[in-house]
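# Descriptive structure summary
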Amino acid sequence: MTNEDAHSTCPNIAGRLISPDLPPYVIAELSANHMGDLNRALKMVKAAADAGADAVKLQTYEPDKITMKSDNPDFQIEDGLWAGQSYHDLYTEAMTPKEWHKPLFDYAAELDVTMFSSPFDLEAVDFLETLQAPAYKIASFELVDIPLIRKAASTGKPLIMSTGLANREEIDDAMQAAVGAGACDIILLHCISAYPTPPEAANLRTIKDLASAYNVPIGLSDHTLTESVPVAATALGAQVIEKHFTLSRSDGGADAAFSLEPAEFKRMSDAVKIAHAALGQPTYGPIEQEEGSLQSRRSLYFAKDMPAGHILTESDIACVRPGFGLKPKFLPELIGKKLAENVKPGQATNWKLIDSA
């Protein structure tokens, strides 16, 4: 897929533009950290809004539609954070029940924070459409599910796709499916699908590479436990930052080990806004805030009393702070010149004091 095949627009999610001119759009991923408790999920929505999230994201699936209940070794998790569980048991624990969705969407609207979800099957898209979800997120593991991408893209809503595990051919396939199905606003998120991700494995330079390969906004779905990685991503041009969120890692939860607590999320949210503001524009010469520092530069001053007509030597001139005299680069031009007036030590040099002849 080439740059020309993709769309170069500024996606609009519930009235909020995703643009390089604005701070990154910060998404709090609730995922499985509600621990099967709707009241806890509601508290998480409020805490995420208070911590600076622009949006709170759910995951919409049913265990029987995402995997199979089976004793076959293929369906057992052997490594990593969830080792020892079956896929079916994990997703049964982690799911957000469909009957929770409307209360969560309604509460988010009360708090003026956007809510949308990652659908994991075609029926989930239809269900989320009944809730007027303003956008859809395709999770990294689902990037190879081309029918799901086409279904979500066909709604015409902004489509965010994570690229964890994906090679370039798989990203091309996903992009072609999305564009072919009518998606106009596509966002790609660089992602490392390791839970948690060591910062040294974040490979953030992929953000710029994705930006050059696909003509769409690029962001980061981050599974590190740091606040620094999203800041670095912002400096590299990330327009969206997604992080898993929990009220407390010590409370447990399927995704708690790689989720930020409210205070951490708030620091991260604030930090990426500061980082974005610090990017500014290419600038040369003193800006307004630097004007008071100009006087601290070195410049050329007369070092002694000298009468008009005196021929200047190098010892007659000092290169010192402040910066009210001629620039140091003019020292060679002053040597051998005749003074037009009497001068005193500590007097700033200027061309009016030099005999023009």
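Relevant structure appears above.
Quick summary incoming for the structure in this document. (Residues numbered from 1 in each chain as written. Predicted model: local features only at pLDDT ≥ 70, side-chain atom pairs only at ≥ 80, totals over all residues. Heavy atoms only, no water.)

## Some points on the nonpolar core
One finds Ile 149, Leu 159, Met 161, Leu 188 and Phe 265 to be the most contacted residues of the largest nonpolar core, which totals 58 residues. The residues contacting Met 161, other than those within four sequence positions of it, are Ile 138, Leu 143, Ile 149, Ala 174, Met 175, Ala 178, Ile 186, Ile 187, Leu 188 and Leu 189. (Core = buried A, V, L, I, M, F, W, Y, C linked by side-chain atoms within 4.5 Å. Buried < 20%, exposed > 50% of the residue type's maximum accessible area, 1.4 Å probe, protein only. Contact = heavy atoms within 4.5 Å.)

## Some remarks on the pairing of strand β7 (residues 159-162)
By the alternation rule, side chains of β7 split into Leu 159 and Met 161 and Ile 160 and Ser 162, which are all buried. Where strand β6 (residues 136-138) and β7 come together, three bridges link them in parallel fashion. Counted as the bridge partner of Ile 138 is Met 161 from β7. Crossover handedness for the path β6 to helix α6 (residues 146-153) to β7: right-handed. Strand direction decides the pairing type here: β7 and strand β8 (residues 186-191), joined by four bridges, are parallel. From the neighbouring strand, Ile 160 faces β8, where its bridge partner is Ile 187. Read as a crossover between parallel neighbours, the route from β7 over helix α7 (residues 168-180) to β8 is right-handed. (Helix = DSSP H or I, 4+ residues; strand = E, 2+ residues; numbered from the N terminus. Pairing = 2+ DSSP bridges. Right-handed = clockwise from strand over helix to strand, strands pointing away.)

## Notes on helix α1 (residues 38-50)
For an α-helix, 3.6 residues make a turn, and residues three or four places apart therefore share a direction. An ideal rise of 1.5 Å per residue puts 18 Å on 13 residues; α1 measures up with 19 Å between its terminal C-alpha atoms. Along α1, the residues classified as buried are Arg 40, Ala 41, Met 44, Val 45, Ala 47 and Ala 48. Close packing links the buried residues of α1 with β3 (25-29), β4 (55-60), α4 (98-110), β5 (114-119) and α10 (262-279). Between a side-chain oxygen at the N-terminus of α1 and the backbone nitrogen of Asn 39 the separation is 2.9 Å; the capping residue is Asp 37. Directly beyond the C-terminal end of α1, a positive phi value near 100 degrees is found at Gly 52. (Expected span 1.5 Å × (residues − 1). Polar contact = N/O pair within 3.5 Å; in protein donor to acceptor, adjacent residues only side chain to side chain.)

## Digging into helix α8 (residues 206-213)
Of the positions making up α8, those classed as buried are Ile 207, Leu 210 and Ala 213. Around the axis of α8, the buried residues are gathered within 130 degrees of arc, so they sit on the same side. Turning to α8, the residues buried within the fold contact α7, β8, β9 (218-222) and α9 (228-235). (Arc of directions from axis to C-beta.)

## As for the environment of Ile 311
Note that Ile 311 resides in the loop between β11 (299-302) and β12 (317-320). What makes Ile 311 partly exposed here is its relative accessible area of 43%. For Ile 311, the contacting residues outside a window of four places in its chain are Asp 316, Gly 336, Lys 337 and Lys 338.

## Things to note about the environment of Gly 15
Among the secondary structure elements, Gly 15 is positioned in the loop between β1 (12-13) and β2 (16-17). Exposure remark for Gly 15: the relative accessible area of 62% places this residue in the exposed category.

## A short note on unusual backbone geometry
Here the residue pair Tyr 195 and Pro 196 is connected by a cis peptide bond, since its omega of -10 degrees sits within 30 degrees of zero. The topology assignment puts Pro 196 in the loop between β8 and α8. Following Arg 321, the chain continues into Pro 322 via a peptide bond in cis, with omega recorded as 10 degrees.

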